[in-house]
Amino acid sequence: MTLTALAALVPALPFLGAAAGLLLGRRAPGFVRPLAVLPTAAAFVLAAVVAARQGTGQATDAAHRLTATGSVPIDLALHLDGFSVLIALLVGLVATCVQVYSVSYLRDDPRYPSYAALVSLFTAAMLLVVYSGDLMVLLVGWEVMGICSYFLVGHYWETEAARSASIKAFLVTKLGDVPFLIGVFALAADAGTFRISGILAAAADGRLHHPTVTALLLLAGVAGKSAQFPLHTWLPDAMAGPTPISALIHAATMVAAGIYLVARLLPVFTASAAALAVLAAMAAITMVGSGLAALAQDDIKRVLAYSTIGQLGYMAGALAVGDRDAAVFHLLSHAAFKALLFLGAGVVIHAAGTNSLTAMSRMGGLRKRVPDAMWTMGLGLAALAALPPLSGFFSKESVLRAAEHAAGGDTAHVPSAVGWTVLVAGLATAVLTGAYATRLFLLAFLGTGPAAPDHGRQPLPMTAVLWVLAIPTVAFGGLAYRELPDWFGGSPLGPTLVTALLGTGLALVGVLLAYGAWRAVAASRRAVPIGALAAEPPDTAGALTDHLDADSEPALIEAEAEEHHKEVYGDVAAARDPGDPGRLLLGPLHTAAAHGFHLDALYTALFVRPVLAAASLVRFLDRDVVETWVRGAAGTPNLLGAAVRKAQTGNVQTYLSALLAGAVVLAVLVAVGG
């Protein structure tokens, strides 16, 4: 079988699995789980074969003209290079792990067939984006991921949090997609093609008439899809969905798509220094802001969500300084340890019966109940903090190295100010990352107090997946940084002495600060029981999961925890815990950071309320003004008709009387007139 045929099968298999799962979900439920896991696993194997056969050779392109549009044609185009085949391999690995994990995590969920089918469709859409050589075909996968995220984030649609989060994710990403679509059409109009190779050739030849405007339009879509400031606010709320979906979105699909697109179209962005400056500013604000917010969150998944936003900021920063290789290296490395962290968080929530770090910090023996999660999440958090020799160290150092190179004015088309912006923000974020990663580990696994309620042993598929993902978390960076330049055809990716010492040293400063703060507030944690922090009375707070037993489905325990966090602690994001080291470290910034610096409130005041007010005005004008005129226009003929209808009685005597009366009146008028 040819390489292009194998590559075409990679997205086709999970798509066919999704279609079969939806058709057979109710009629043959026994086939649902095999149809969820096997096509995705087969796609992963085929992606590995494609990657091996493509290797470091010349890019492979194939295209078929879909339709003649009369202007710019649309091609079903395939583009394979070292960059795309490695990302497809990553997508297949994470998607397979998520499907295997979900078999146990949602074992009794009545909506599992539709869930599994949507995960497969989500995977197929991302693979289509990765392999596509035509922007219009890529856009199909881009939008399919958006609708899949809407349904999957809202999986627990019975809860208000899930309904609101799914709508918010859909609307915010669509807000970015509108200018993105305009930017795609602008690119095609200038280049005369939707083919990515043709667009890159046009950029190289200087045939893009308005590169700054086009790049900024594309960046709007990237900011929405990859959760970058100012369109990042949907991602923390999306934690209302099942944990495996959080892993899939954060590690390998939706949020990675925006970074992937900029990496593929990087010459379009480097053609405009202004666009690079905007991208660098966006990345810097995202990195630092998300690091501060992560340090204040009480929900373990929201900590990881903000960490994803920050790591995507690193990737965007690498692209801003013109280094696609460093951005993709960090994307690959981050995907492994972030999928591990989210799936590990699902195990921890199942064992603890809560998503609250405040509650976990007052539970004894949690680390003994979930040793697999503790060890693997410890590795994942160390990789997140970029501690050597884990994969996160090598990939993050490649970003800092690229920023340092650009700051020295050694990168063509990139202003040195852009390099300094990314470098300073990246180093500051290293401190914050080390701090919030350490805080999460200490609060989740080194708590003291009564033992957590027993929710049963963790299913083997859930813990086995953690160890599978731990392998690339530990080994990928060290093994790959020497080999990836051959696959990407770019510059070296190894760490330099200066950035390695600075990055690692600052990460260790963050680790030590968090540990010192944790020790400093230990007495407060022991003195203030969990019941004293609950907005509800202690009995109510403790009774939230009393009806769950050792046979309870992990996803059900998570849904209960997500639904009741605000009810118990009075806040969806934070808890008033004097024993929280994050509160000590952030000081007066804590409240603002816990609520994402109130950007949601700002957007509500600036955009949501005016739009709702305008909608109310339109409704008033429609119902009380326009409809009044319409009803009036219809009412006048009705009144005339009613008056005429009264004369039509059907009584002959009445008609004769009226005739005679009319004749008399006419006679009188004639006589008077004569």
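Calculation notes
Residues numbered from 1 in each chain as written. Predicted model: local features only at pLDDT ≥ 70, side-chain atom pairs only at ≥ 80, totals over all residues. Heavy atoms only, no water. Helix = DSSP H or I, 4+ residues; strand = E, 2+ residues; numbered from the N terminus. Contact = heavy atoms within 4.5 Å. Areas by Shrake-Rupley, 256 points an atom, 1.4 Å probe, with all protein chains shown as cover. Lys, Arg positive; Asp, Glu negative; His and termini not counted. Charge placed at Lys NZ, Arg CZ, Asp CG, Glu CD. Polar contact = N/O pair within 3.5 Å; in protein donor to acceptor, adjacent residues only side chain to side chain. Phe/Tyr/Trp six-rings, centres within 6.5 Å; stacked < 30°, edge-to-face > 60°. Buried < 20%, exposed > 50% of the residue type's maximum accessible area, 1.4 Å probe, protein only. Lys NZ or Arg CZ within 6 Å of the ring centre and 35° of its normal. Core = buried A, V, L, I, M, F, W, Y, C linked by side-chain atoms within 4.5 Å. Expected span 1.5 Å × (residues − 1). Pairing = 2+ DSSP bridges. Salt bridge = Lys/Arg side-chain N within 4 Å of Asp/Glu carboxyl O. pLDDT = per-residue confidence, 0-100. Axes fitted to C-alpha atoms, helices over the stretch in contact; angles between N-to-C directions. Parallel < 35°, antiparallel > 145°, perpendicular 65-115°, else oblique. Left-handed = near helix turned anticlockwise from the far one by under 90°. Nonpolar A, V, L, I, M, F, W, Y, C, P; charged D, E, K, R; others polar. Patch = residues over 30% accessible without salt bridge, like charges linked within 9 Å, V, L, I, M, F, W, Y side chains within 5 Å.

Focus: the overall build of the protein chain
When helices and strands are counted, the protein chain shows 30 helices and 2 strands. When its C-alpha atoms are laid out on the principal axes, the protein chain stretches across 125 × 70 × 55 Å. For the protein chain, the share of sequence-separated contacts (at least 6 apart) that also reach a separation of at least 24 residues comes to 80%. Total accessible area on the protein chain stands at roughly 26600 Å², and carbon and sulfur atoms take up 69% of it. For the protein chain, the centre of its 39 positive side-chain charges and the centre of its 42 negative side-chain charges are spaced 2 Å apart.

Notes on the environment of H330
Within the secondary structure layout, H330 lies in helix α15 (residues 324-352). It is 20 Å that separates the C-alpha atoms of H330 and V414, two residues lying 84 residues apart in sequence. Within the local environment of H330, its side chain forms a polar contact with the side chain of Q311, the two groups lying 2.9 Å apart.

Looking at the environment of P578
Residue position: P578 is located in the loop between α26 (554-569) and α27 (581-586). A C-alpha to C-alpha distance of 6.0 Å links P578 and S524, two positions 54 residues apart in sequence.

Some thoughts on the packing of aromatic side chains
Tallied over the entire structure, the rule returns 14 aromatic pairs. Centre to centre, the rings of F83 and Y260 are 5.2 Å apart; their planes meet at 25 degrees, and the pair counts as stacked. Taken together, the residues span a long stretch of sequence, with F83 in helix α3 (residues 82-105) and Y260 in helix α11 (residues 254-264) at a distance of 177 residues. The exposure class of Y260 is buried, given its relative accessible area of 1%. Ring pairs connect the aromatic residues F83, Y260 and F488, which therefore count as one cluster. Sitting above the plane of the Y112 ring, R33 keeps its charged end 4.5 Å from the centroid.

Brief notes about the nonpolar core
Grouped together as the largest cluster of nonpolar side chains are 200 residues, with contacts concentrated most on Y131, W234 and L265. When residues of this core are assigned to their parent elements, the largest contribution, 19 residues, is made by α15. Setting aside its immediate chain neighbours within four residues, W234 contacts K168, A169, V172, T173, G224, K225, A227, I249, M254 and V255.

Things to note about helix α30 (residues 652-673)
Counted at 1.5 Å a residue, the expected span for α30 with its 22 residues is 32 Å, and the 31 Å between its end C-alpha atoms agrees. Within α30, only 0 of the 22 residues are buried, which leaves it mostly out in the open.

So, unusual backbone geometry
The peptide bond linking F229 to P230 adopts the cis configuration, its omega dihedral lying at 10 degrees. Examined against the element boundaries, P230 turns out to sit in the loop between α8 (211-225) and α9 (234-237). In this model, P388 is joined to P389 through a cis peptide bond whose omega is 5 degrees. With respect to the helices and strands, P389 occurs in the loop between α18 (371-384) and α19 (391-407). For H413, which is not a glycine, the phi torsion comes out positive at approximately 70 degrees. H413 sits in the exposed class, given a relative accessible area of 63%. Despite not being glycine, F597 has its phi angle at roughly 55 degrees, a positive value.

Focus: the pairing of strand β2 (residues 74-80)
Across the 7 residues that make up β2, a large majority, 6, are buried. Pairing of strand β1 (residues 60-67) with β2 involves 7 bridges; the strand directions are antiparallel. Within β2, the position partnered with T67 by the bridge is I74. Count of turn residues in the β1/β2 antiparallel hairpin: 6 residues, of which G70 carries a positive phi of about 95 degrees.

Digging into α3
The end-to-end C-alpha separation of α3 is 34 Å, in line with the 34 Å expected for 24 residues at 1.5 Å each. Of all the 24 residues making up α3, 20 are buried; the element is thus mostly covered by neighbouring parts of the structure.

Quick notes on the pattern of salt bridges
Considering all chains together, one arrives at 15 salt bridges under this definition. Of the charged contacts, one joins E160 and R163 as a salt bridge, the two residues approaching to 2.8 Å between their closest N and O atoms. You can see E160 and its partner R163 sitting in helix α6 (residues 160-191), 3 residues apart, about one turn around the helix. R163 sits in the partly exposed class, given a relative accessible area of 34%. Within the structure, one salt-bridge network assembled from shared partners comprises E143, K174, D177 and K225.

Quick word on the confidence of the model for the protein chain
Model confidence for the protein chain is summarised by a mean pLDDT of 88, while 92% of its residues fall at 70 or above. Counting contacts from residues 537-547, a segment whose pLDDT is below 50, to residues more than four positions away or on other chains yields 10 contacts.

Here we look at the packing of helix α14 (residues 300-320) against helix α20 (residues 416-445)
Contact geometry of α14 with α20 gives a least axis separation of 10 Å together with a crossing angle of 160 degrees. Here α14 lies roughly antiparallel to α20, going by the angle between them. Handedness of the α14/α20 crossing: left-handed. Counted together, I300, V303, L304, S307, Q311, Y314, G317 and A320 of α14 and V418, V422, G426, T429, A430, T433, Y436, R439 and L440 of α20 form the full contact between these two elements. The residue makeup of the contact of α14 with α20, split by class, is 10 nonpolar, 6 polar and 1 charged.

Some words on a nonpolar patch on the surface
Together, L617, F620, L621, V625, V626, W629 and V630 make up a nonpolar patch on the protein surface, roughly 700 Å² of accessible area in all. Summarising the element assignment, W629 is placed in helix α29 (residues 599-647).

Brief notes about the packing of α3 against helix α21 (residues 460-480)
Contact geometry of α3 with α21 gives a least axis separation of 8 Å together with a crossing angle of 160 degrees. For the element pair α3 / α21, the angle class is roughly antiparallel. Note that α3 runs across α21; the crossing there is left-handed. Packed against α3, whose contacting residues are C97, V100, Y101, S104 and Y105, the element α21 presents P461, M462, V465, V468 and L469 at the interface. Tallied by class, the residues present in the contact of α3 with α21 amount to 9 nonpolar, 1 polar and no charged.

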